[in-house]
Each structure stands twice: as C-alpha cells, then as structure tokens.
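Reading the structure
Chain by chain, the residues:
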Amino acid sequence: MVLSSRIRDSFPLPPRPADPVSPLAVAGLTVAYHDRPVLWDVDFVAPPAGLVAVLGPNGAGKSTFLKAVLGLIPKLAGEVRFFGRPLDRKSGLVAYVPQRTAVDWDFPITAVEVVAMGLYHRIGWLRPVRRRHLEAARVQLDRVGLADLADRQIGQLSGGQQQRVFLARALAQDARLYLLDEPLAGIDAASEQVVVELLRELRATGRTVIVVHHDLESVPGIFDEAMLLNVRRIAAGPVGTVLTPANLARAYGVTFAPKVAAVVGG
Amino acid sequence: MIELADFLELDLPALATGTLAALACGLLGNFLLLQRRSLLGDAVSHVVLPGIVLAFLVTGSTSTWPMMLGAGAAAVASVFLIDLVQRAARIEAGAAMGVVLTSLFALGVVLLEQSGARAVHLDVEHALMGSLEGIVWLGARDFSALVDPDRLATLPEPLLRLAVVTTMVALLLLVLRKELTIASFDPGYATSLGIPARAIGLVLLVASAVAAVAAFAAVGAILTIAMFVCPAATARMLTDRLGRQIALSALAALLAGTLGYALAAWAPLLFGSERGLGAAGMIAVVAGCLQGLSILLAPRYGALARARARSRGRRSGEGATARGGVP
Amino acid sequence: MTDLLSALFLGAGYNSAVATLGAAYLGVAGGLVGTFLVLRRRVMLADALSHATLPGLVLAFLCGLALLGEGRILPVLLFGAAASAALAGLAVQGIVANRRLAEDAAIASVLACFYGAGIVLASYLQSLPVGGQAGLQRFLLGSAAGMLRGEAELLAASAVLLVLFTGLFAKELRLLCFDPVHAEAHGWPVARLDLLLLALLLALLVIGLQIVGLVLELALVVVPAVTARLWTERLGRMLPLAAAIGAAGGWIGAALSAALPRLPTGPSIVLVLAAIFLASLIVAPQRGLLAVAARRRRLVRTLAAEGLERPGSP
C-alpha cells in the first residue's frame with residue numbers, strides 16, 4: 001500500500017514556474033442561506049505553493065467556503081480570483097475533492113471509472129471514455145496505492161480507500177490548485193499516511209493545496225499555513241501565528257455571533 | 001384462436017406501444033433511480049394531465065403537438081415548483097413533491113370536468129387507467145403490411161410517437177452517458193469541472209417528461225411510474241456495473257411489455273373468456289413481479305443470497321456484512 | 001351562491017351534511033397523522049398505500065358479488081382496501097429492509113404495481129355481465145354525493161373515532177417524531193409506535209377513500225402538515241394548526257363539491273387545501289416568502305453598510 005519510489009519516479013509531476021499571482025485570492029466573500037449568514041466578509045490569499053488548512057468549529061462555514069469559492073453555491077457578495085482571473089472551470093486548473101459523504105458509494109461504478117472523471121474536461125462533451133483514458137486513470141490509482149482495486153465497485157472499498165480514489169481523481173486532473181474537503185476525516189492510518197505524503201508531493205512540485213480540516217492537533221505536523229474561520233475570518237497566515245490561544249478562544253469559545261445576527265434576528 | 005389479421009390489426013400495435021413505453025421510461029429510470037429521484041417519475045406523470053387540459057383550453061384544439069407541448073411544459077414547470085416549495089417551505093423533497101403533484105393533478109381534474117374538454121376524447125378514466133386496447137392498426141390484414149410503406153404510414157400515432165421518443169432516449173443515453181454518470185454520481189465535482197450538473201439533471205427531467213407524455217396516452221398516468229421504476233430497480237438488484245444495469249433494464253422493460261400484453265390479451269382465452277384484461281395494468285404487474293423476483297433471487301444482493309450469507313457468517317463466527325463489502 | 005352557502009352550513013340535505021362533517025373530521029385526522037408523518041419523513045408512503053387500496057377494493061367487490069350476490073357493501077370493500085394497503089406497506093418495508101433500493105424507489109414501484117393489479121382486476125370486473133361496477137369509480141377521485149345514507153354515517157363516525165384515537169396517542173407519537181433515539185433509550189417501544197402510526201395512516205386512508213379518492217389522498221396527509229409547518233416551529237402548535245387547516249379544507253371542499261356541478265369531492269378538497277398552502281407560503285410571518293425576502297434585503301443593506309467600512313480589496 002505504501003507508495004513505491006519506482007512509481008513516483010516514473011510519473012513525476014513537472015515542476016511549475018512560480019506564479020507571481022496568487023492561485024486563490026478572495027475578498028469580502030459573504031454567503032447566506034436564506035437570510036442566515038454563513039460566511040461574512042472573508043478575505044483570503046493563498047500562497048503560490050504550500051499546504052493550507054481551513055479550520056473552525058462545526059457550522060463555521062468551512063465547506064461552504066470551498067463551495068462558494070468554486071461557485072457551486074451563490075455568494076451574496078465578494079470577489080474570487082484564481083491566478084488573477086475569474087474561474088475558468090473547463091481549464092481544469094482547480095481540482096475539487098468533495099467530502100466523502102457527499103456521494104452515494106453504492107453507485108454502480110468502479111474505482112478506475114471514478115478516477116477517469118478527472119479527465120472528463122479533457123475528453124470533451126459527448127465523447128465516450130476510451131481505453132486510453134482508463135489506462136491513464138489506472139496510473140493515478142497506482143500513485144495512491146490502489147492499482148489492485150481498480151476494477152472493484154467503489155462501495156466495496158474501505159473509507160480510507162474511497163478517499164484515496166477521490167484524491168487520485170483530483171491528481172488525474174493535473175491541476176495547480178487543489179481544494180480538499182475533509183480528506184482526513186474518518187480514514188485509517190495507512191490511508192492517512194498515503195494522503196499526507198501525496199499532499200507533500202504536490203507542495204514539492206509547486207502546487208497549492210487548501211484543505212478543510214477538523215483535527216487541530218495534527219495541523220502543525222502537516223500544514224504550512226492556516227485560516228481560522230467562524231462565519232468571519234478569525235485569523236490567517238503561518239500556522240504558528242494562527243493557532244494562538246486567543247484566536248482559538250475566539251473561534252471555538254463563546255459562540256461567535258456576527259453583529260448581523262442581531263440585525264436580522266437570525 | 002388467434003387470427004393473423006386480428007393480431008396485426010389489434011394486438012401488434014398495442015403490444016409494440018406498451019413495450020416501447022416501457023422501454024423509453026425504463027431506460028431513463030436508471031438515472032432517476034441512481035439520483036434517488038424515482039418519485040419524480042411519479043410527479044411528472046401526474047402533471048401530464050393538467051398540462052394536456054391547459055393546452056386544450058389555450059389552443060382549443062385536440063391535435064397532438066399542442067397537447068404534447070403543454071404536457072411537457074407542465075412537467076418541467078412542476079419540477080421547478082417542487083424545488084421552489086422544497087426550499088421555500090424548507091421541507092424534505094418527498095413532502096414538497098406530495099404537495100405539488102396532488103395540487104396540480106386536482107387542478108387538472110377540475111379543469112377537465114368544468115371545461116368543454118370532457119366532450120372531446122379526454123377523460124379522467126383514461127388518464128388513470130390508460131387505453132392500450134384503443135390503439136389499433138386498421139387495415140393491416142397480413143404480414144405484407146409490415147413492409148408496405150403505404151400501410152406503415154397508417155400505423156397508429158401513439159405507436160409512431162413512442163418509436164421516435166424511444167429512439168431519442170436511447171441516443172441521449174448513448175451520447176450523454178459520461179455526463180449523466182458524473183452528474184448523477186457527484187454533481188459538485190462535475191460542476192467544479194465545468195460540467196453543469198444542474199443543467200444535465202434538467203435534460204434528464206425534460207426527457208422523462210417527454211417520455212411520460214408519450215407513454216401517457218397508451219398506459220395512463222400512474223402506470224407510467226411502473227415503467228420508470230421497475231425495470232431499473234430490477235436491473236439494479238442484479239449488477240454493479242452501470243452499462244450492464246442499463247442493458248438489463250431494457251431487457252426487463254421488453255419482457256414486461258411483451259409478457260404483460262400477452263397475459264392480458266391471451267390468457268383469458270385459455271379460460272374461455274372472450275374479453276382481454278387491462279393490458280397496461282398487466283404490464284405494470286409483470287414489471288413489478290420481475291422486480292420482486294430479482295429482489296428475492298438476485299445472486300448477490302437478493303434477499304435469499306443475503307440470508308444465506310448472514311447464516312454462513314454467523315457459523316464462521318464473524319459478522320459478515322450483508323452488503324457484500326466494507327461499508 | 002345560495003347553494004354554496006347552504007352547503008357550507010350543512011343545509012343541503014342530510015347525506016350531504018353528514019358527508020361534509022365527515023370530511024371535516026377526516027381533515028382533522030389527516031392534519032394530525034400527517035404532522036407525525038412529515039416529521040418522520042415518511043409522507044410519500046401515504047401515496048403508495050392509498051393507490052394500493054385499489055386491488056383490494058376490486059377483489060372485495062368481486063368476493064361480495066360471488067358470495068353475497070352484491071358487490072357494493074361498504075364494510076367489505078373497506079376491509080379489502082385495508083388489507084391490500086397493508087400488504088403494500090409490508091412490501092415497501094421488505095424492499096427497504098433489503099437495503100439495495102432506496103425508499104423512494106420502493107414506494108414508487110409498490111404504488112405502481114398494486115395500482116396496475118387493481119386495473120387488471122377492474123378490467124375483469126367490467127367484463128362481467130353485472131351492474132354496479134360504477135360504484136367503484138367514485139373511489140378513484142371521491143364523491144360525497146354518491147354516498148348512501150348508511151355509508152355517510154359510517155364515514156363520519158369512523159372519522160370522529162380516528163380523531164379521538166390519534167389524540168389519545170398524541171403524546172407517544174410526539175416522542176417518536178421528536179427524538180426516537182431518546183425514546184428508545186427510555187424504554188419506549190419505538191418500532192411498535194411506528195407501527196401504530198402506520199395503522200393510523202391506514203385507517204385514515206381507508207376511511208377517506210369515498211370522500212377524497214385514492215388518487216389524491218396523499219394531499220390530505222401532506223398539505224395540512226406542511227402548511228402548519230410554515231406558521232410555527234413548535235410541534236405543540238403545529239398539531240392543532242394542521243388539524244384546523246385539514247378541517248377547513250375538508251369542510252369547504254366537500255361543501256363546494258356538493259353545491260357546484262361536475263366538481264368531484266377529492267379534487268375540490270385538494271384545491272382548497274392547496275389555496276391555503278399557497279397563501280401561507282406567501283404571508284407566513286417567519287418562513288413566508290415575503291418575510292424571508294424582507295429579511296434578506298435587510299441583510300444585503302447591512303452588507304452594503306459594512307462594505308463601505310472595509311478597506312479596499314487586496
């Protein structure tokens with residue numbers, strides 16, 4: 001299950017030149033469900049390469065942040081720029097890994113077919129998935145150590161293996177910015193090791209990876225930067241400067257009620 | 001005894017129409033099932049009635065196209081309405097669907113009863129029961145009619161309509177299979193990749209509406225639901241591969257259509273009765289029986305297989321998972 | 001107009017008055033049972049069960065014909081309806097227990113197949129050389145006008161009984177819907193309470209067949225409850241509210257149907273309920289569309305005010 005160096009060496013990610021423009025710059029992002037604000041005036045700038053954790057208590061708007069940034073849910077206000085431009089989804093520059101619980105794992109589809117979805121934007125509309133696409137998908141499955149399980153129906157994989165399939169799909173996309181929603185939640189130690197190693201590999205090849213994460217303890221060991229959210233942005237920057245007792249108390253302590261809550265009576 | 005001329009004039013068109021209806025709806029049902037929107041087939045087939053009545057009231061004609069358009073528009077509108085009610089009232093999808101489909105169906109019935117539409121050949125009973133037996137191919141006396149272009153041009157309209165719709169549905173699944181799959185499996189990821197999952201979902205619903213409208217005239221509103229759900233559910237029990245599931249669902253639809261019609265039309269003859277039974281209903285019953293059989297006997301997920309796996313698991317002292325895999 | 005007024009105030013004949021009262025009580029029961037079902041997220045089950053009464057109805061009619069020489073015997077018909085609906089409930093339960101197919105697929109397929117079987121049986125009945133088959137027609141869309149005196153009285157009496165019975169178990173059902181885990185931990189027989197709820201639903205659907213008709217009975221269960229939900233967040237208020245809305249729908253709908261020509265009772269009741277729902281959806285104080293829109297406007301204004309204070313974008 002552990003990545004063999006042979007596999008890694010034979011499929012190296014080409015290093016990218018440093019981009020002068022941030023992969024993701026967010027200004028004043030505000031999102032509301034009906035009339036209840038979920039994110040309020042969030043600013044965020046991602047480093048050109050590195051691992052960034054998005055942290056905060058339940059209901060702080062962490063997943064919403066990723067979805068709103070990607071335009072999957074409408075935003076009330078704010079501006080989002082990828083590499084200095086509005087998002088061009090078809091470019092495949094930005095890879096999204098949804099929460100594992102967001103999909104139906106009983107779906108009649110195999111692991112390799114799921115990974116091949118990472119190539120759909122390149123295959124183009126109305127064209128079928130061909131053998132060579134599946135071969136390319138197998139290569140990515142190999143990178144996450146699941147080559148043997150490529151033809152299994154996805155429901156027969158363990159939670160950690162399912163998460164690795166999702167990651168392999170994002171790898172197949174060969175993006176420059178990765179947005180991952182809780183990739184380390186509820187998975188076994190072996191899978192966690194594979195996932196973390198891959199994240200580091202992405203960083204080493206100049207990618208930016210933004211990860212919604214819930215386990216504060218593991219943050220310093222994995223991530224370079226962090227953003228602490230609770231509807232508003234509490235703090236952002238290098239992990240050491242973000243995870244201070246004062247910031248954590250503001251995020252997790254007394255329920256943070258933005259002043260809008262009082263205004264709108266929500 | 002069954003006479004050839006009777007078969008060609010009466011049985012063949014009805015049989016073909018029922019089977020095509022099952023096929024068109026059954027193919028689409030695969031994706032509705034996987035999106036857990038099987039009840040949308042329910043909603044869509046109910047609102048066909050108000051759509052047809054409204055189209056008649058607006059245009060004043062009973063010609064086919066205005067009615068098809070009206071029904072299709074009503075079906076699409078109902079989908080938006082369900083979505084609106086669900087979000088505005090903040091209730092689960094099932095409850096929203098219940099509110100919308102009963103209200104619209106009631107509206108359709110009242111419009112039909114109150115307006116002059118009842119005088120023309122629309123009535124609630126047909127909407128609820130279907131009238132497969134009314135589909136006849138007049139003048140087809142022998143097999144040469146099957147290759148005679150002049151005769152073929154007189155094939156009954158519902159049959160031709162369903163043939164076109166079934167072909168279109170099959171093409172749609174063929175061409176959009178990859179997009180429908182990703183939009184059904186992981187709409188969020190699909191959208192992030194520039195594949196508009198919502199729009200694709202809408203295409204599926206419009207296609208379902210069209211299929212429901214085409215099937216409606218032959219089998220009625222409620223039996224259309226059986227066509228949407230049963231073949232796909234039967235196939236779902238039997239396989240874990242999408243391609244095979246679609247093929248098996250088509251097979252189940254064909255079987256239900258032919259066997260159902262045969263039972264309804266010819267089984268009573270064996271008991272000396274001259275009148276056939278309701279063919280549309282019988283097709284639904286056969287579709288349901290196929291589904292029931294597959295639920296009981298499917299090799300891996302069937303009730304018997306699971307019971308056996310459980311008892312074996314208990315004997316070997318480890319809790320075998322009934323799902324046949326790690327949850 | 002005077003017809004309508006007299007129907008509304010029960011002045012349009014004894015049968016019609018009893019039927020109208022019965023419809024109102026039916027509405028009360030629908031509101032109560034529906035509230036619990038909506039909270040348990042099982043409301044579409046009502047659609048499957050009501051459609052599944054059809055084969056039972058026809059079989060009972062045929063049995064009555066064969067054994068007693070008369071098909072239209074209401075208690076026999078209702079017993080048949082209840083039996084086949086119960087069978088449908090078991091079928092849904094069985095499919096869901098197998099865990100391969102989701103509940104919505106189970107409900108849709110059971111609904112359609114039972115209904116299909118009903119149609120096959122009905123077509124057999126129609127081929128018989130006896131009269132009285134028309135008596136079954138009214139079970140599809142409901143017809144208060146077609147009821148015999150004894151039938152109307154039976155309906156009204158059972159509706160009253162059903163309301164009393166539901167009220168009796170309201171506390172236990174509240175517990176079931178509010179926090180089933182907690183209820184189970186405290187020794188409440190949750191599975192049996194679920195069964196009780198289904199039994200109440202079954203009774204409601206069977207009693208309502210002649211008034212609302214099997215095609216539209218779902219509305220009786222879902223619309224009052226969902227409408228009440230728009231007005232309040234509290235179960236304690238939702239129950240009486242749903243009961244009142246159901247009663248209004250039943251009463252006004254049945255009266256309208258009695259007074260106006262060519263207006264079947266079921267659709268009439270459903271449209272009255274739908275009108276109440278639509279009005280509530282717009283004007284309800286917390287969840288209504290107008291209220292939400294107003295609050296959202298205020299939110300956007302607040303945002304604009306804050307936006308002015310915020311330093312420029314990076």
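What you see is a predicted model; the values in this text were computed from it and never measured.

**Details of the overall build of chain B**
Tallying secondary structure elements over chain B gives 14 helices and zero strands in all. Walking chain B from its N terminus toward its C terminus, one meets helices and strands in the order α-α-α-α-α-α-α-α-α-α-α-α-α-α. Seen through its principal axes, chain B has C-alpha atoms that stretch 70 × 50 × 35 Å. Considering only contacts in chain B between residues 6 or more positions apart, those separated by 24 or more positions represent 69%. Just so you have it, chain B exposes about 12,700 Å², and 67% of that area is on carbon and sulfur atoms. Of the side-chain charges in chain B, 23 are positive and 20 negative, and the distance between the mean point of each set is 19 Å.

**Comments concerning the overall build of chain C**
Counting its regular elements, chain C contains 15 helices and zero strands. The principal-axis extents of the C-alpha atoms in chain C amount to approximately 90 × 55 × 40 Å. Within chain C, residue pairs in contact and separated by at least 24 positions form 74% of the contacts whose partners lie at least 6 positions apart. With the model as given, the accessible surface of chain C reaches about 12,500 Å², and the carbon-plus-sulfur share is 69%. Distance between charge centres in chain C, computed from 22 positive and 15 negative side chains, equals 7 Å.

**Structural notes on the interface of chain C and chain B**
Counting residues at the interface gives 54 residues for chain C and 58 residues for chain B. When the buried area of chain C at its contact with chain B is split by residue, C:Asn98, C:Arg100 and C:Arg262 rank highest and sum to 14% of it. Inspection of the region where chain C meets chain B yields one salt bridge. There are twelve residue pairs in polar contact (both at pLDDT 80 or more) connecting chain C and chain B. The set of elements that each furnish at least two residues to the side of chain C that touches chain B consists of helix H3 (45–51), helix H5 (74–98), helix H6 (103–126), helix H7 (134–141), helix H12 (217–231), helix H14 (265–283) and helix H15 (289–309) of chain C. With 16 residues, the single largest contributor to the side of chain C that touches chain B is H6(C). Each residue belonging to the side of chain C that touches chain B can be placed in one class, and the counts come to 38 nonpolar, eight polar and eight charged.

**Remarks on the nonpolar core**
Counting 278 residues, the largest nonpolar core has A:Leu141, A:Tyr178, C:Tyr115, C:Leu140, C:Leu201, C:Ile211 and C:Val215 as its most contacted members. Membership of the second largest hydrophobic core comes to 27 residues, among which are A:Val54, A:Leu70, A:Met227 and A:Leu229.

**A few points about the packing of helix H4 (residues 93–114) of chain B against H14(C)**
Two elements in contact, H4(B) and H14(C), have axes whose closest approach is 9 Å; the angle formed by their N-to-C orientations is 130 degrees. Taken as axis vectors, H4(B) and H14(C) run oblique relative to one another. When the axes of H4(B) and H14(C) are compared, the crossing they make is left-handed. Across the interface between the two elements, B:Val99, B:Thr102, B:Ser103, B:Ala106, B:Leu107, B:Val109 and B:Val110 of H4(B) pack against C:Pro267, C:Val270, C:Leu271, C:Ala274 and C:Phe277 of H14(C). Residues of the contact of H4(B) with H14(C), tallied by class, amount to ten nonpolar, two polar and no charged.

**Overview of a nonpolar patch on the surface**
Residue and element names in this part refer to chain C. A contiguous nonpolar patch, built from Trp 231, Leu 241, Leu 278, Ile 282, Val 283, Leu 289 and Leu 290 and spanning about 610 Å² of accessible area, is present on the exposed surface. Elements with a contribution of two residues or more to the nonpolar patch: H14 and H15. With three residues, H14 is the largest single contributor of residues to the nonpolar patch. Here Trp 231 shows up in helix H12. A relative accessible area of 39% means that Trp 231 is categorised as partly exposed.

**Notes on the packing of helix H3 (residues 64–89) of chain B against H4(B)**
Residue and element names in this part refer to chain B. One can describe the packing of H3 onto H4 by two numbers: an axis separation of 8 Å at closest approach and a directional angle of 130 degrees. It follows from the interaxial angle that H3 and H4 lie oblique. When the axes of H3 and H4 are compared, the crossing they make is right-handed. Facing Ser 78, Leu 81, Ile 82, Val 85 and Gln 86 of H3, the residues of H4 in contact are Ala 93, Ala 96, Met 97, Val 100 and Leu 104.

**Regarding the pairing of strand S9 (residues 232–238) of chain A**
Residues and elements named next belong to chain A. Two elements, strand S8 (residues 225–230) and S9, share six bridges in a ladder whose sense is antiparallel. Bridge pairing in S9 links Glu 225 to Pro 238. Hairpin connection between S8 and S9: a loop of one residue separates the two successive antiparallel strands, and Val 231 in this loop has a positive phi of roughly 65 degrees.

**Overview of unusual backbone geometry**
Residue and element names in this part refer to chain A. Look at Asp 41: it is not a glycine, yet its phi comes out positive at around 55 degrees. Here Asp 41 falls in the buried class, since its relative accessible area comes to 19%. Although it is not a glycine, Leu 126 adopts a positive phi angle of roughly 65 degrees. Position of Leu 126 among the secondary structure elements: in the loop between helix H4 (120–123) and helix H5 (131–143).

**Description of the packing of aromatic side chains**
Under the defined criterion, the tally for this structure stands at seven aromatic pairs over all chains. A:Arg169 extends its terminal NZ or CZ atom over the ring of A:Phe166, reaching a point 4.4 Å from the ring centre. A cation sits over an aromatic face here: B:Lys178 above A:Tyr120, 5.4 Å from the ring centre.

**Quick notes on the pattern of salt bridges**
Residue and element names in this part refer to chain A. Under the counting rule described, the total for this entry stands at 21 salt bridges over all chains. For the salt bridge of Arg 138 with Asp 151, the shortest nitrogen-to-oxygen distance reads 3.3 Å. Of the two residues, Arg 138 is situated in helix H5 and Asp 151 in the loop between H5 and helix H6 (159–172); the sequence distance between them amounts to 13 residues. A network of salt bridges, in which partner residues are shared, links Glu 135, Arg 138 and Asp 151.

**Observations regarding the sheet that holds strand S5 (residues 94–97) of chain A**
Residue and element names in this part refer to chain A. Taken in spatial order, the six strands of this open sheet run S5-S6-S7-S3-S8-S9, and their pairing is mixed. Looking at strand neighbours, the two that pair on one side only are S5 and S9, the edges of this open sheet. Within this sheet the neighbouring strands show an average axis-to-axis angle of 15 degrees, counted without direction. Across four bridges, strand S3 (residues 50–55) lies against S8 in parallel orientation. By the bridge assignment for S8, Val 52 is matched with Glu 225. Across the sheet, H6 lies against S5 and strand S6 (177–181), angled at about 170 degrees from S5, the strand it touches most. Set on the sheet, helix H10 (residues 245–252) makes contact with S3, S8 and S9; between it and S8 the angle comes to about 35 degrees.

**Brief notes about H14(C)**
Along an α-helix, a turn takes 3.6 residues, which lines up residues three or four apart on a common side. Under the 1.5 Å per step criterion, the end-to-end length of H14(C) is 28 Å for 19 residues, consistent within 8% with the ideal 27 Å. For H14(C), the complete set of buried residues consists of C:Thr265, C:Gly266, C:Pro267, C:Ser268, C:Ile269, C:Val270, C:Val272, C:Leu273, C:Ala274, C:Phe277, C:Ser280 and C:Leu281.

**Considerations on the sheet that holds strand S4 (residues 77–81) of chain A**
Residues and elements named next belong to chain A. Sheet architecture is open: three strands sit in the order S2-S1-S4, paired in antiparallel fashion. Each edge of the open sheet is held by one strand with a lone partner, namely strand S2 (36–45) and S4. Put simply, the sheet's adjacent strands are angled 25 degrees from each other on average, direction ignored. Here strand S1 (residues 25–33) pairs with S2 via six bridges, running antiparallel. Within the sheet, the bridge partner assigned to Ala 25 lies in S2 and is Val 45. On the sheet, helix H2 (residues 62–69) packs against S1, S2 and S4 and is oriented at approximately 115 degrees with respect to S1.

**Let's talk about the side chain of C:Thr302**
Along the chain, C:Thr302 turns up in helix H15. Polar contacts involving the side chain of C:Thr302 include one to the main-chain carbonyl oxygen of C:Arg298, which spans 2.7 Å.

**Let's talk about the confidence of the model for chain B**
Interpretation of the predicted coordinates at a detailed level should be avoided for regions scoring low in pLDDT. Residue and element names in this part refer to chain B. Summary statistics for chain B give a mean pLDDT of 86 and a share of 93% for residues scoring 70 or more. When the elements of chain B are averaged for pLDDT, helix H5 (residues 124–129) gives the smallest value, 70, and helix H8 (residues 177–185) the largest, 96. Per-residue pLDDT stays below 50 along residues 318–327; that stretch engages in 16 contacts with residues further than four places along the chain or on separate chains.

**What about the side chain of A:His213?**
Residues and elements named next belong to chain A. Structurally, His 213 can be placed in the loop between strand S7 (208–212) and helix H8 (219–222). Judged by relative accessible area, His 213 falls into the buried class, the value being 2%. A distance of 3.2 Å separates the side chain of His 213 from the backbone oxygen of Asp 215, its partner in a polar contact. Beyond its immediate stretch of four places on either side in the chain, His 213 contacts Ala 53, Val 54, Leu 55, Lys 62, Glu 182, Leu 184, Ser 218, Val 219 and Phe 223.

Cut-off values and rules
Residues numbered from 1 in each chain as written. Chains lettered and ligands numbered in written order. Predicted model: local features only at pLDDT ≥ 70, side-chain atom pairs only at ≥ 80, totals over all residues. Heavy atoms only, no water. Helix = DSSP H or I, 4+ residues; strand = E, 2+ residues; numbered from the N terminus. Contact = heavy atoms within 4.5 Å. Areas by Shrake-Rupley, 256 points an atom, 1.4 Å probe, with all protein chains shown as cover. Lys, Arg positive; Asp, Glu negative; His and termini not counted. Charge placed at Lys NZ, Arg CZ, Asp CG, Glu CD. Buried area = accessible area lost by both parts, 1.4 Å probe. Salt bridge = Lys/Arg side-chain N within 4 Å of Asp/Glu carboxyl O. Polar contact = N/O pair within 3.5 Å; in protein donor to acceptor, adjacent residues only side chain to side chain. Nonpolar A, V, L, I, M, F, W, Y, C, P; charged D, E, K, R; others polar. Core = buried A, V, L, I, M, F, W, Y, C linked by side-chain atoms within 4.5 Å. Buried < 20%, exposed > 50% of the residue type's maximum accessible area, 1.4 Å probe, protein only. Axes fitted to C-alpha atoms, helices over the stretch in contact; angles between N-to-C directions. Parallel < 35°, antiparallel > 145°, perpendicular 65-115°, else oblique. Left-handed = near helix turned anticlockwise from the far one by under 90°. Patch = residues over 30% accessible without salt bridge, like charges linked within 9 Å, V, L, I, M, F, W, Y side chains within 5 Å. Pairing = 2+ DSSP bridges. Phe/Tyr/Trp six-rings, centres within 6.5 Å; stacked < 30°, edge-to-face > 60°. Lys NZ or Arg CZ within 6 Å of the ring centre and 35° of its normal. Expected span 1.5 Å × (residues − 1). pLDDT = per-residue confidence, 0-100.

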